[in-house]
Amino acid sequence: MAEYVVFCVIRSLSELLLYEARHIPELRSRIEVIQMKLRQLQSILEIADARQEIDEGIRNWIAETREAAYDIEDLLLVVLSSSSSSSSSSSASRRRYTGLFREATSLHSLEPKIQLIEAKVSALESDLRVRNIRPRQRGSPNPIARRRLQQRRTYSHFVEDDLVGLDDHVEQLVSRLVSEDADQVVSITGMGGIGKTTLAKRIYHHHDVRGHFHALAWACVSQQGQPDDVLQRILNKLEPEKKKAISIMKIDDLVEELIQVQRRKRCLVVLDDVWDMDAWDLVFKPVFVNRQASRIVNMKVLLTTRNKEIARYIDLDAPCYLYEQRHLDQEESWELLNRKVSRNLSLAGISLDRSLPSSRSVEEPEYSSGFEDEDALSRVESFRSCYSDEEDELVSRMTRIHSSSSEDTVQDLRNQMDMERLGKEMVAQCGGLPLAIVVLGGLLMTKSTISEWRTVHQNFNSYLRRGRTSRENGRVHEVLALSYHDLPYQLKPCFLHLGNFPEDHKIPTRKLYQLWLAEGFISQESEEGESIMDVAERYLVELVQRCMVQVRADEVTGKFKSCQLHDLTRELCLVKGKEENFLKRIPIRYEPELLRAPSPSSIAPSISKTRRLSIAVDCDFDTYFPPRKEILEYRKENLERVRSALFFSRLSNRKNLHLALDFVCSELKLIRVLDLERFDFGDKLCKGIGDLIHLRYLSLRGCQLNKLSSSIGNLKYLQSLDLRVPFLVCMAIPNVIWKLNHLKHLYLPPSHECSSKLQLHSLSKLEILKNFDSRVSDYRDLTKLTKLQKLAAILSLEIDHLAALFSHLKMDTLHIKDSSFRIRYDFQSEKELTALREIVGSVHLQKLDLIGIINKLPEQRHFGRSLMKLTLRSSKLKEDPMTTLEKLPNLHTLILRKNAFAGNAICCSSEGFPSLTVLELQGLTDLEKWRIDEGAMPNLYCLKIDECIKLRMVPEGVRFIASLRELVIVNMLDSFKSRVQKVQEQGGKDTHIVGHIPSITIADTNRTYMKKFETQLSEVVKIARACKLQTTSDAIPVHSCLSNETYSGMPKVF
């Protein structure tokens, strides 16, 4: 980790030399000398880091080096920035720094400190503790670079299934859940890392379970789970049409709602990671305790827990089947490890299954890897003992057969034997724990030579000898620790940074990449054609491949959408973060118990200051943050070094955070990252935000905020700015964004205004721009953003301007990779239809929302192949749009809203819509007939029919769509609903059509909520019109917006 710190400081000093040191030319040469010495230290650290576990002296030296590097950056950063401000005649800026840095405002006062820095670096370099360490020569091979090239060839977003040897157990547990007479609760118990959640997921997605239950819900409880929050998440899954009402219910109302919903339909609820009885007592006990009183109980519960006593306790209220998950046996453990490492080794021409020839066999074609049949990897032959008599005979036979290449063949075979022997010895030490085996496999995946495997084997055994074997999860922790220490230095801070987020928090990957960039974790050295965000994704890919991070990928693009940590991996993350003094969590009660006492394996005494804060905002927040005055002075020196502060709300309502933000602005002067999502700041953000001149990342997403302070224009280093406040908030933005010339990622509010045109033309480094509105900003600014890669815009332009813009964007295909547009225009004349053909043909267009009349859709040949989502509103098309749209090869979401089609019949023909997963028809009031041919929409997952009042029944052809998992029917006639509705377990007339669909939701719009929403929206319109602007609401009918979220919340813009 210290190697990374020094690396970041070297890069930071380069930025200072580039942007600030010109104000003090006398310092340039001194800083360059310090940089050179730090590079030498970095080379030593590369070797020392691998030795720190066995040498306490080196451990302490590394910690001292890390803090010295931080101190160097702190001092020079403040001094140079102060000098820059001084040269700009800003006396106010010179008063921004207090405490340690107050006197460092002149070269004279700086000289002793520079000398101290130089002496400290020299002392560290010549320290006796590292005297015998020789840095790697610059010309020597770099294993990290070699691994990176290999991984770029083997990128895969497929999340592998780690369940081995338990298929019979899955079927047994499924049969208990779907049987009416069996136990109503099934509890999977076992120690951490044994695979309880993996088994529960297999059961949850089993086809028999999906076919039996009408509604299913999954909720992760965890140690800090609140019963009301857990119950809200469950009900949101069981009754998605009632999300808005559920969000404001009290705990008693939530419990009553659960009782009622399980009476109406069969429900399965999965409670993952249960730690105590609270969730059961408050939420589920009322459902089951009265089952004897002739009450209908249609609910089954599947839970996972480490505590068997919880299952026994539940059994007092409801019959509970206790399933104790076993450890894997030797053969199953080896099979699981084989799965994990085989793909990487096959690329290197190595097989762990010696019943298969190596890819270097002279009789095998060059293009074959020898792993065509992956099932062969787990055959019985691969479990034979190493160096058996049969193997010696096999070596002899291979030598005789391949005499022309005998030396290579024999050596390859012996290497395979050695690797299998080492692998079996290591996997035997994992104690049959799947998590330990998977993590070991992730580590071995990065090793393709026998020497690398021997090194891992040696380190693995030493870790186990030193390990906390008395702990329940000792083996898992030591395997995880070994994987952590094997990480390249660039990845260690990325992994530790995940400890910022609450337990079981799903972390959006794009946000994570931007946070890593702001922290300085991402190397600026990228390969040709690779952006900084691509580098960040590559870092996450390697963490995933090493099985240290769990991810969820987009089914269409394959890109990672979110990630999270297994609870044991998170514990390791927090332990290592504490040892490295990487992160401080506030309050401490949200840390695992392991971290509340001094760690027995602490690397070194804490000699450093707090650098990162992760702050939980709960009902007691005001008692611990900001710190009280009597302890503030004691902490002041620590707090003024903070680089990052992430606030996480644990409250259902937005909390006012004015005092906390005032404290941050006045005390945390070196802060680079400030995350303030979903809080209340009232009318205006405090002016002090502009004093945080070192900010790289600022997020106010989801906050209640009406006006942005003009002082935000002072944040000249800002890279990411997220202003996506709620839809109903029309934020006033001062015309200062153009000053942020380092900005790379800008997320504007869905609805915003500016007293003049909001200028963006000078943002030459901008890569992502969301919610650009041509009514607020000049559309011509887009043509000047030469680095733009991702664009989402709302366009209300004259046809000539619209055509000119897309003509420019068409020429700029080398930069823009992904664009989304909402366009309000009536395309009627030939000129306008020509412009429409130009729009839909954009090669980078992925999402398009067209609002207005369209005389005729462009032909299929005019559409770009990249289009994945299309929304048509008020189009009044006379011809069936399906005839054209079903030929788009990559369209996965189609939404037709509010008279998009004026005809009475549509047809989806065989083999049409090959990629479509979501189809929504809303407000097609003239639609009477809908034919779906067999073979149409083979990948459709969700179908929504809303306010198509003349449609009499679900199309007969729906029964052919085997992939369909969700059917939503809203605001349809009672005669339509009765055909699919089940009453007292009796199916409707169309049961043969919809019987295979696991989830069917039938609902009517909450008119009271609609009226309230219309009133709120009209107020927004009035305010906007007073500013001589139109809001997005003018373009979108109110009920059309609401249907986007099943009438449960605000519509998403981009």
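With an unreviewed UniProt entry as reference, the protein chain is termed Disease resistance protein RPM1, source organism Salvia splendens. Heading Sequence similarities (unreviewed entry) of the UniProt record for the protein chain holds this comment: "Belongs to the disease resistance NB-LRR family."

Enquirer: Could you clarify how one ought to interpret the overall build of the protein chain in this entry?
Expert: Across its full length, the protein chain carries 36 helices and 31 strands. Residue burial in the protein chain is summarised as follows: out of 1054 residues, 57% are buried. A fraction of 67% describes how many contacts in the protein chain between residues 6 or more apart in sequence connect residues 24 or more apart. For the protein chain, the accessible area works out to roughly 44,700 Å², and carbon and sulfur atoms hold 48% of it.

Enquirer: What is the right way to read the pattern of salt bridges from this model?
Expert: Should the charged atoms of two oppositely charged side chains come close, the side chains can pair. This model, assessed by the stated rule, comprises 40 salt bridges. When salt bridges with common partners are traced through the structure, they connect E239, K242, E257 and R264 into a single cluster.

Enquirer: Looking at this structure, I do not really get the state of the cysteines. What am I missing?
Expert: Put plainly, two cysteines are in a disulfide when a covalent bond ties their sulfur atoms together. Counted under the stated rule, the structure contains 0 disulfides. Unpaired in this structure, C686 has its nearest cysteine sulfur neighbour in C665, at a distance of 3.9 Å. What makes C686 buried here is its relative accessible area of 14%.

Enquirer: How should the environment of R263 be read in this particular structure?
Expert: Structurally, the position occupied by R263 is in helix α12 (residues 251–264). The class for R263 is partly exposed, based on a relative accessible area of 29%. As for R263 and V297, which are separated by 34 residues in sequence, their C-alpha atoms are 6.2 Å apart.

Enquirer: Help me understand the packing of aromatic side chains, please; the structure alone is not making it clear to me.
Expert: Any two aromatic rings considered together are summarised by their centre-to-centre distance and by the angle between their planes. Evaluated as defined, the whole model comprises 12 aromatic pairs. Judged by centre distance (5.6 Å) and plane angle (80°), the rings of F625 and F647 are edge-to-face. With F625 in the loop between α26 (621–624) and α27 (629–639) and F647 in strand β11 (residues 644–649), this pair connects stretches of sequence that are 22 residues apart. Summarising the burial analysis for this pair, F625 and F647 share the class buried. Geometrically, the ring pair formed by Y825 and F827 is tilted, given 5.2 Å between the ring centres and 55° between the ring planes. Among the aromatic residues, those joined into a cluster by ring pairs are F621, Y624, F625, F647 and F663. The ring of Y484 is capped by K492, whose NZ or CZ atom sits 5.5 Å from the centre of that ring.

Enquirer: Is there a simple way to think about unusual backbone geometry in this case?
Expert: A negative phi angle is the norm for most residues apart from glycine, just as the trans form is the norm for most peptide bonds. Of note, the bond from I586 into P587 is cis; its omega dihedral lies within 30 degrees of zero at -10°. Phi at E947 takes a positive value of approximately 55°, unusual for a residue other than glycine. Tracing the backbone through its elements, the reader meets E947 in the loop between β29 (942–946) and β30 (966–970).

Enquirer: I'm lost on the sheet that holds strand β1 (residues 185–189) in this one. Help?
Expert: Strand pairing in a sheet relies on backbone hydrogen bonds. The paired strands run either parallel or antiparallel. Within the open sheet, the 5 strands sit side by side as β2-β3-β4-β1-β5. Their pairing is parallel. Edge positions in the open sheet fall to β2 (215–220) and β5 (320–324), since each of these has one partner strand only. On average, adjacent strands in this sheet sit at an angle of 15° to one another, irrespective of strand direction. Two strands pair when backbone bridges link them, and β1 and strand β4 (residues 299–305) are joined in this way by 5 bridges, in the parallel orientation. Counted as the bridge partner of V186 is L302 from β4.

Enquirer: Got a minute to help me understand the sheet that holds strand β8 (residues 560–564) in this structure?
Expert: One open sheet holds the 3 strands; their spatial order is β6-β8-β7, and the pairing between them is antiparallel. Each end of this open sheet is capped by a strand with a single partner; those strands are β6 (507–508) and β7 (550–553). Across 4 bridges, β7 lies against β8 in antiparallel orientation. Bridge pairing in β8 links V551 to C563. Packing against the sheet, helix α23 (residues 532–545) makes contact with β7 and β8, and its axis sits at approximately 50° to β8.

Enquirer: Is there a simple way to explain the packing of helix α29 (residues 799–811) against helix α30 (residues 830–840) in this structure?
Expert: When two helices pack together, you describe them by how their axes are tilted relative to each other and by the distance separating the axes. Relative orientation of the contacting elements α29 and α30 amounts to 25°, with a least axis distance of 10 Å. Judged by the inter-axis angle, α29 sits roughly parallel to α30. α30 is crossed by α29, and the crossing has left-handed handedness. Taking contact as the criterion, the partners of I799, D800, L802, A803, F806, S807 and K810 in α29 are, on α30, K831, E832, A835, E838 and I839. Of the residues belonging to the contact of α29 with α30, the class tally is 6 nonpolar, 1 polar and 5 charged.

Enquirer: Would you take a moment to explain the side chain of S842 for this structure?
Expert: Relative to the elements of secondary structure, S842 occurs in the loop between α30 and β23 (845–851). By relative accessible area, S842 is classed as buried at 5%.

Enquirer: Explanation requested: the nonpolar core in the structure shown.
Expert: Core analysis: the largest hydrophobic core is formed by 126 residues, its most contacted members being F647, L674, L769, I823 and F827. Those residues in contact with F827 that sit more than four places away from it in its chain are I799, L802, E832, L833, L836, I839, L850, I853, I854 and N855. Counting 46 residues, the second-largest nonpolar core is a separate cluster that includes A481, L496, A536 and L568.

Enquirer: In this structure, what is going on with helix α13 (residues 278–288)? I would like to understand it.
Expert: The periodicity of an α-helix, 3.6 residues per turn, causes residues three or four places apart in sequence to face the same way. Among the residues of α13, those classed as buried are A279, W280, V283, F284, V287 and F288. Here the buried residues of α13 occupy an arc of 120° about the axis, which is enough to place them on one side. Check the buried side of α13 and you find it contacts β1, α10 (227–238), α12, β3 (267–274), β4 and α14 (308–314).

Enquirer: In this structure, what is going on with helix α8 (residues 196–204)? I would like to understand it.
Expert: Those residues of α8 not exposed but buried are K196, L199, A200, I203 and Y204. Angularly, the buried residues of α8 cover 140° about the axis, an arc narrow enough to put them on a single face.

Enquirer: Please explain the confidence of the model for the protein chain as it appears in this structure.
Expert: The predicted coordinates ought not to be read in detail in places where the model reports low pLDDT. Of all residues in the protein chain, 73% attain a pLDDT of 70 or more, and the chain-wide mean is 77. Segment residues 138–160: pLDDT under 50, and 36 contacts once partners within four positions in sequence are set aside and those in other chains are kept. Confidence over residues 467–472 falls short of pLDDT 50; this stretch has 12 contacts with residues more than four positions distant or in other chains.

Enquirer: What am I meant to see in the pairing of strand β24 (residues 869–873) here?
Expert: Regular strands place side chains that alternate from one sheet face to the opposite one. Along β24, 4 of the 5 residues are buried, which leaves the element largely enclosed by surrounding structure. Sheet topology note: the β23/β24 ladder contains 5 bridges and is parallel. Paired with K847 across the two strands is K869, which belongs to β24. Taken together, the 5 bridges between β24 and strand β25 (residues 893–897) define a ladder with parallel strand orientation. Counted as the bridge partner of R873 is R897 from β25.

Enquirer: Just checking my understanding: could you explain the environment of I248 for this structure?
Expert: Here I248 lies in the loop between α11 (243–247) and α12. With relative accessibility at 67%, the residue I248 sits in the exposed group. With 405 residues separating them along the chain, I248 and N653 place their C-alpha atoms 9.7 Å apart.

Enquirer: Is there a simple way to explain the packing of helix α22 (residues 509–519) against α23 in this structure?
Expert: The N-to-C vectors of α22 and α23 enclose an angle of 110°; their axes lie 10 Å apart at closest approach. The pairing of α22 with α23 is recorded here as roughly perpendicular in orientation. Listed contacts from α23 to T509, R510, Y513, Q514, W516 and L517 of α22 are I532, M533, A536, E537, Y539, L540 and L543.

The rules behind the values
Residues numbered from 1 in each chain as written. Predicted model: local features only at pLDDT ≥ 70, side-chain atom pairs only at ≥ 80, totals over all residues. Heavy atoms only, no water. UniProt positions renumbered as here; feature names shortened; annotations may be inferred. Helix = DSSP H or I, 4+ residues; strand = E, 2+ residues; numbered from the N terminus. Buried < 20%, exposed > 50% of the residue type's maximum accessible area, 1.4 Å probe, protein only. Contact = heavy atoms within 4.5 Å. Areas by Shrake-Rupley, 256 points an atom, 1.4 Å probe, with all protein chains shown as cover. Salt bridge = Lys/Arg side-chain N within 4 Å of Asp/Glu carboxyl O. Disulfide = S-S within 2.5 Å. Phe/Tyr/Trp six-rings, centres within 6.5 Å; stacked < 30°, edge-to-face > 60°. Lys NZ or Arg CZ within 6 Å of the ring centre and 35° of its normal. Pairing = 2+ DSSP bridges. Axes fitted to C-alpha atoms, helices over the stretch in contact; angles between N-to-C directions. Parallel < 35°, antiparallel > 145°, perpendicular 65-115°, else oblique. Left-handed = near helix turned anticlockwise from the far one by under 90°. Nonpolar A, V, L, I, M, F, W, Y, C, P; charged D, E, K, R; others polar. Core = buried A, V, L, I, M, F, W, Y, C linked by side-chain atoms within 4.5 Å. Arc of directions from axis to C-beta. pLDDT = per-residue confidence, 0-100.

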